[in-house]
Amino acid sequence: MSQKQFGFFTRLLDDVPSSQRYALALEQIKAAESYGFQSAWVAQHHFNGEEGGLPSPFPFLAYAAAQTSRIRLGTGVVTLVMEDAVRVAEDAVVTDILSGGRLEVGFGSGGTPTSYAAFGEHFADRHAAFNRKLHTVKSAWAGEELPDGNRLWPSGTGLEKRSWQATFSAFGAERAGQDGDGLLLSRTQPRRPEKPDAALWELQVPMVEAYLKALPAGLAPRILASRSVFVTDDRVEALRMAEKGLSRQVKKFRAAGHTIDDTNIDTLIRTFDVHIGTPEEVIVSLLRDKTLDHATEIAIQVHSIDPEHQYILRSLELFATEVAPALQEYGFVV
């Protein structure tokens, strides 16, 4: 079995002012690097600090690159519909150069309908806009001619081979495969009304299969599965934090189409697809997730539990020192 890499993912949601959020996120990324994680991913969100704390990922990743040396740095994702495609291509190239070629660029069409108008876009047109802008970005990276004979400078540094697409559907996964991009799978996603109790892997394994079928011959798959993972020394304390954090998400996720059973903390954990507890408990939980059999990389995050900073650092330490070694025989490596 091929070895799988581990990454760290953050939406920068620490409950502190923005400047402190960025400082704490950097500390978490530096800790992940010190523990041997291969990648660190940040999400982009506009306007609502409770959704995510980073509207401009490239400056932050350049900042992180200056204070790290090895860990790959990724966007998970750039909401491309709300961006100027040529400028994204340029910003990514400069960030990649400053990081010494460590940048990975994940793209998505976005998911918050109220954000589009401020950028002159329409939610209903997001898929067409995404396809058009992604083509522009990748063409620019590949050195192709832009309008009026312009070409990107500095050049693309091979970023078109480090492009990823996020999706909730088999159709989107097929598109990522056809384009030769990596596939980004979410930590949780809406269940269909006719199957509200479906396991996350039941939704995502068909997406993986569609991606692999569409991938051009000879091209190695790149499949990153993001997962909510919170490793602790004390399960009781972890459940207390989980109940507080997950309960805040119920209304929002219901509005977004998720079926939420908030009968008790156990149903919340199951509904939000959280792997939580002591190292031994997290190991057992992760091994039940059949999507991870196919993933080439797993990126762990503490959302939507969102514990305080010191618990995030401890979770990273426990994962790297106790969870990951136990998973090595299953093809995992950290």
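Now for a quick tour of the structure. (Residues numbered from 1 in each chain as written. Predicted model: local features only at pLDDT ≥ 70, side-chain atom pairs only at ≥ 80, totals over all residues. Heavy atoms only, no water.)

1. Looking at the overall build of the protein chain
No. 1: From N to C terminus, the protein chain includes 11 helices and 9 strands.
No. 2: Relative to a compact globule of 334 residues, whose C-alpha radius of gyration would be 20 Å, the protein chain shows 19 Å and is just as compact.
No. 3: For the protein chain, the spread of C-alpha atoms along the principal axes amounts to about 60 × 45 × 45 Å.
No. 4: A burial count over the protein chain gives 55% of its 334 residues as buried. (Helix = DSSP H or I, 4+ residues; strand = E, 2+ residues; numbered from the N terminus. Rg over C-alpha atoms; globule rule 2.2 N^0.38 Å. Buried < 20%, exposed > 50% of the residue type's maximum accessible area, 1.4 Å probe, protein only.)

2. Some remarks on the nonpolar core
Nonpolar side chains in soluble globular proteins tend to be buried together.
No. 1: Within the largest apolar cluster, 76 residues are counted, with the highest numbers of intra-cluster contacts made by F37, F107, W141, L246 and F319.
No. 2: The leading source of residues in this core is helix α11 (residues 309-327), at 9 residues.
No. 3: Filtering out sequence-adjacent residues up to four positions away, L246 remains in contact with I265, L268, I269, F272, V274, S304 and I305.
No. 4: Within the second largest apolar cluster, 9 residues are counted, among which are L183, L185, V208 and L215. (Core = buried A, V, L, I, M, F, W, Y, C linked by side-chain atoms within 4.5 Å. Contact = heavy atoms within 4.5 Å.)

3. Focus on the environment of G108
No. 1: Tracing the sequence through the fold places G108 in strand β4 (residues 103-108).
No. 2: Measuring from C-alpha to C-alpha, the distance between G108 and T79 comes to 5.1 Å, with 29 residues separating the pair along the chain.
No. 3: Beyond its immediate sequence surroundings of up to four residues, G108 is in contact with V77, V78, T79, L80, V81 and F130.

4. Notes on the pairing of strand β5 (residues 163-166)
No. 1: Here 3 bridges tie β4 to β5, and the two strands are oriented parallel to one another. Paired with G106 across the bridge in β5 is W164.
No. 2: Handedness of the β4-helix α4 (residues 126-141)-β5 crossover: right-handed.
No. 3: Two elements, β5 and strand β6 (residues 182-185), share 3 bridges in a ladder whose sense is parallel. Bridge pairing in β6 places Q165 opposite L183.
No. 4: Assessed by its sense of winding, the connection that carries the chain from β5 through helix α5 (residues 170-178) to β6 is right-handed. (Pairing = 2+ DSSP bridges. Right-handed = clockwise from strand over helix to strand, strands pointing away.)

5. A closer look at the layout of surface pockets
No. 1: Estimated volume of the second largest pocket: approximately 780 Å³.
No. 2: Forming the walls of the second largest pocket are 33 residues, and the residues nearest its centre are L13, D15, R248, I305 and D306.
No. 3: Elements represented by at least two residues in the lining of the second largest pocket include exactly β1 (5-10), α1 (18-34), α7 (235-247) and α11.
No. 4: The dominant element in the lining of the second largest pocket, judged by the number of residues it contributes, is α7, at 4 residues.
No. 5: Of the residues contributing to the lining of the second largest pocket, the split by class is 12 nonpolar, 9 polar and 12 charged. (1 Å grid on protein atoms, 1.4 Å probe; cavity = no way out; pocket = protein on both sides within 12 Å on 5 of 7 lines; lining within 4 Å. Points joined across faces, edges and corners; volume = space filled by probe spheres on them. Nonpolar A, V, L, I, M, F, W, Y, C, P; charged D, E, K, R; others polar.)

6. Overview of the pairing of β6
Consecutive side chains of a regular strand alternate in pointing toward one face of the sheet and then the other.
No. 1: In β6, alternate side chains face the same way, and those of G182 and L184 on one face and L183 and L185 on the other are all buried.
No. 2: Alignment of β6 against strand β7 (residues 223-231), held across 3 bridges, turns out to be parallel. Its bridge partner being in β7, L184 is matched across the sheet by L224.

7. Here's the deal with the environment of R11
No. 1: By the element assignment, R11 lies in the loop between β1 and α1.
No. 2: Along the backbone, R11 and A43 are 32 residues apart, and their C-alpha atoms lie at a distance of 5.1 Å.
No. 3: Those residues in contact with R11, other than ones at most four positions away along the chain, are A43, H45, E50, E51, G52, G53, R187, K252, Q301, H303 and S304.
No. 4: For R11, the side chain forms a polar contact with the main-chain oxygen of E51, separated by 2.3 Å. (Polar contact = N/O pair within 3.5 Å; in protein donor to acceptor, adjacent residues only side chain to side chain.)

8. Details of the packing of aromatic side chains
No. 1: A complete count under the given rule lists 8 aromatic pairs for this structure.
No. 2: When the ring of Y116 is compared with that of F123, the centres are 5.4 Å apart and the planes differ by 75°; the resulting orientation is edge-to-face.
No. 3: On the basis of relative accessibility, which here comes to 30%, the residue F123 falls in the partly exposed class.
No. 4: Following the ring pairs from residue to residue traces out a cluster consisting of F6, F37 and F319.
No. 5: The residue whose ring lies beneath R126 is F123, and the NZ or CZ to ring-centre distance is 3.8 Å. (Phe/Tyr/Trp six-rings, centres within 6.5 Å; stacked < 30°, edge-to-face > 60°. Lys NZ or Arg CZ within 6 Å of the ring centre and 35° of its normal.)

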